[in-house]
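# What the coordinates show
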Amino acid sequence: LVVAAAGTLGFSIYFSDRGNATARTFLFFSVMSILWGVANFISVRVTDPAQLIWYIRFVIFFATWYAFSFLLLSWQFPHKDFVLSRVVFYSFLCWSAAISVVTLTPLAFQSVSVDSFGATPHAGPGIILFGLTVFTYIGMSITILLRKLVKSSGVERRQLEFVFTGMSVTLL
């Protein structure tokens, strides 16, 4: 149900104004939300350690891109034109790509143990880079949205209140 709702909302907003940079960024955020959610859903249902380690890695792979899309949307909203410089955008894109590659290797999770109590992933040193990246992106996103909210007024403020509330709820 959540996947269908996220997909419907993301594609509806995108198709309402394909040239709008915020609509494109929201679609990217919606797709990453869906992929992350599906990976999470599958990971809690797999019991074979050889398969489970990959699903756990996919969860944090998509979490990296989810956090990146969250940051982009925070910067972009509510502008119609893309607001980030190419240097900033490509710097964050390259860093996110590098971290997402790390998440798919034993540097992030070396192995997983499965027993009657559940699964226990065994983290590698790369998990620190993943954690720092994701928490930095989310912290930056919240800060950006709060600054915009404080500086805004009128219709834009109401839009930002709605977006800030919605994005904050997704983090809970």
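Above this text you will find the structure in question.
Structural notes, computed from the coordinates. Bear in mind that the values here come from a model prediction, so they are computed numbers and not experimental data.

### Looking at the packing of helix 5 (residues 126-151) against helix 6 (residues 154-171)
Contact geometry of helix 5 with helix 6 gives a least axis separation of 9 Å together with a crossing angle of 160°. It follows from the interaxial angle that helix 5 and helix 6 lie roughly antiparallel. As for how helix 5 packs across helix 6, the hand of that crossing is left-handed. Listed contacts from helix 6 to I138, I142, L145, L146, K148, L149 and V150 of helix 5 are R157, L160, E161, V163, F164, M167 and L171.

### Regarding the environment of L93
Relative to the elements of secondary structure, L93 occurs in helix 4 (residues 86-103). Residue classification places L93 among the partly exposed residues on the basis of a relative accessible area of 26%. Sequence separation between L93 and W65 is 28 residues; the distance between their C-alpha atoms is 9.2 Å. Apart from the residues within four sequence positions on either side, L93 is in contact with W65 and F68.

### Let's talk about unusual backbone geometry
Following F77, the chain continues into P78 via a peptide bond in cis, with omega recorded as 0°. By the element assignment, P78 lies in the loop between helix 3 (49-76) and helix 4.

### Quick look at the layout of surface pockets
One number sums up the size of the largest pocket: a volume of about 990 Å³. What lines the largest pocket is a set of 36 residues, among which L9, F26, F29, S33 and T170 lie closest to the centre. Broken down by secondary-structure element, the contributors of at least two residues to the lining of the largest pocket are helix 1 (2-16), helix 2 (21-43), helix 3, helix 5 and helix 6. Of the residues in the lining of the largest pocket, the class split is 25 nonpolar, 10 polar and one charged.

### Remarks on the pattern of salt bridges
Tallying each qualifying case throughout the model produces one salt bridge. A salt bridge links R157 to E161, with the shortest nitrogen-to-oxygen separation between them at 3.5 Å. Placement of both R157 and E161 in helix 6 is noted, with a separation of four residues, approximately one turn of the helix. E161 sits in the partly exposed class, given a relative accessible area of 34%.

### Side note on the side chain of S96
By the secondary structure assignment, S96 is in helix 4. Relative accessible area serves as the criterion here: at 0%, S96 is assigned to the buried category. In this view, S96 contacts T64, W65, F68 and Y137; residues no more than four positions away in its chain are not counted.

Calculation rules
- Residues numbered from 1 in each chain as written.
- Predicted model: local features only at pLDDT ≥ 70, side-chain atom pairs only at ≥ 80, totals over all residues.
- Heavy atoms only, no water.
- Axes fitted to C-alpha atoms, helices over the stretch in contact; angles between N-to-C directions.
- Helix = DSSP H or I, 4+ residues; strand = E, 2+ residues; numbered from the N terminus.
- Parallel < 35°, antiparallel > 145°, perpendicular 65-115°, else oblique.
- Left-handed = near helix turned anticlockwise from the far one by under 90°.
- Contact = heavy atoms within 4.5 Å.
- Buried < 20%, exposed > 50% of the residue type's maximum accessible area, 1.4 Å probe, protein only.
- 1 Å grid on protein atoms, 1.4 Å probe; cavity = no way out; pocket = protein on both sides within 12 Å on 5 of 7 lines; lining within 4 Å.
- Points joined across faces, edges and corners; volume = space filled by probe spheres on them.
- Nonpolar A, V, L, I, M, F, W, Y, C, P; charged D, E, K, R; others polar.
- Salt bridge = Lys/Arg side-chain N within 4 Å of Asp/Glu carboxyl O.

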